[in-house]
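These are the residues of each chain, in order.
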Amino acid sequence: MLLGVNIDHVATLRNARGGFEPDPIQAAHTCEENGATSITAHLREDRRHIKDQDVRTLKKVLKVNLNLEMAVTDEMQAIALEVLPHSVCLVPEKRQEVTTEGGLDVAAQLERVTKFVKPLVDAGIQVSLFIDPDLDQIKAAAKTGAQFIEMHTGQYSLAFGTEQEKFEFEKLKNSASLAQELGLKVNAGHGLNYENVSRMHEIDGLYELNIGHSIISKAVFTGLAQAVRDMADLSK
Ligand code: PXP
């Protein structure tokens, strides 16, 4: 599996003092030099971490792919069409949430999402929908024209090591299998860490993992280069 590293937390730390450090662009370079195959940045409506200029600079300087996470809004669509990242991942966004809480409800807004996806795909951007491992969501996602889904692994991660783990893991496995049958490529992410990532190898055909919090957390103690190398090794 490929490893996308989410660098939002580096920007959060930078913004805490309003200055320039730590620099998310430097972090992105360290990630790509140590095994990340893409860099994910979530440009939130409130710009709480990644800023517009970060996205533009990343697009210019990265050697690996830029994956822009964003909400389904006209503003974000315009930015994506201007910057042309390699891929976008469409996520639901609530102002008060600490992090993306659930998957995008594609089934409930199929027409809106389908209309939103088309210009992005037409512009050559790979579109991924961040959805819960739910069969109805997968079926809906397959109708939108998006080429990828990213399965929300948050519930699996929370359940890891408990009685619920088997249930949550089966949902991921079944969802991935249906998605692939329907012609979608499958990524996964949210809450993955150095322990629970191991079971992702049991899911056939997973393409890329997107991981942020656990890598940046480990980096506090080991340095970012080592933290990325260790996760890249576990993802291979
Ligand atoms: N994928 C998506 C769509 C996300 O919103 C996030 C969190 O920003 C991640 C992956 C990474 O999650 P984590 O930081 O828990 O590894």
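So, here's what we can say about the structure.

Conventions and cut-offs
- Residues numbered from 1 in each chain as written.
- Predicted model: local features only at pLDDT ≥ 70, side-chain atom pairs only at ≥ 80, totals over all residues.
- Heavy atoms only, no water.
- Axes fitted to C-alpha atoms, helices over the stretch in contact; angles between N-to-C directions.
- Helix = DSSP H or I, 4+ residues; strand = E, 2+ residues; numbered from the N terminus.
- Parallel < 35°, antiparallel > 145°, perpendicular 65-115°, else oblique.
- Left-handed = near helix turned anticlockwise from the far one by under 90°.
- Contact = heavy atoms within 4.5 Å.
- Nonpolar A, V, L, I, M, F, W, Y, C, P; charged D, E, K, R; others polar.
- Expected span 1.5 Å × (residues − 1).
- Buried < 20%, exposed > 50% of the residue type's maximum accessible area, 1.4 Å probe, protein only.
- Arc of directions from axis to C-beta.
- Core = buried A, V, L, I, M, F, W, Y, C linked by side-chain atoms within 4.5 Å.

Between two packed helices, what matters for the description is the angle formed by their axes and the separation of those axes. It is at 8 Å that the axes of helix H2 (residues 24-33) and helix H10 (residues 224-235) come closest, and there the two elements cross at 40°. Here H2 lies oblique to H10, going by the angle between them. As for how H2 packs across H10, the hand of that crossing is right-handed. Facing H2, whose interface residues are Ala27, Thr30 and Cys31, H10 presents Leu224, Ala225 and Val228. Its residues assigned to classes, the contact of H2 with H10 comprises five nonpolar, one polar and no charged.

Think of an α-helix as turning once every 3.6 residues; residues three or four places apart then point the same way. Spanning 13 residues, helix H5 (residues 110-122) covers 18 Å between terminal C-alpha atoms, matching the ideal 18 Å at 1.5 Å per step. Those residues of H5 that sit buried are Val113, Phe116, Val117 and Leu120. Mapping the buried residues of H5 onto a view down its axis gives an arc of 100°, with all of them on the same face. The outward face of H5, more than 90 degrees from its buried face, is lined by the exposed residues Glu111, Lys115, Lys118 and Asp122. Elements in contact with the buried residues of H5: strand E3 (65-70), helix H4 (74-83), strand E4 (87-90) and strand E5 (126-131). Backbone geometry just downstream of H5 places Gly124 in the positive-phi region, at approximately 90°.

Below, the discussion takes up the nonpolar core. By size, the foremost hydrophobic cluster in this structure holds 69 residues, and its most contacted members are Met70, Val88, Leu90, Leu129, Ile149, Met200 and Ile215. Not counting residues within four places of it along the chain, the set of residues in contact with Val88 comprises Asn67, Leu68, Met70, Ala80, Leu120, Ile125, Gln126, Val127 and Ser128.

Treat this as a map of the structure, not an account of what it does.
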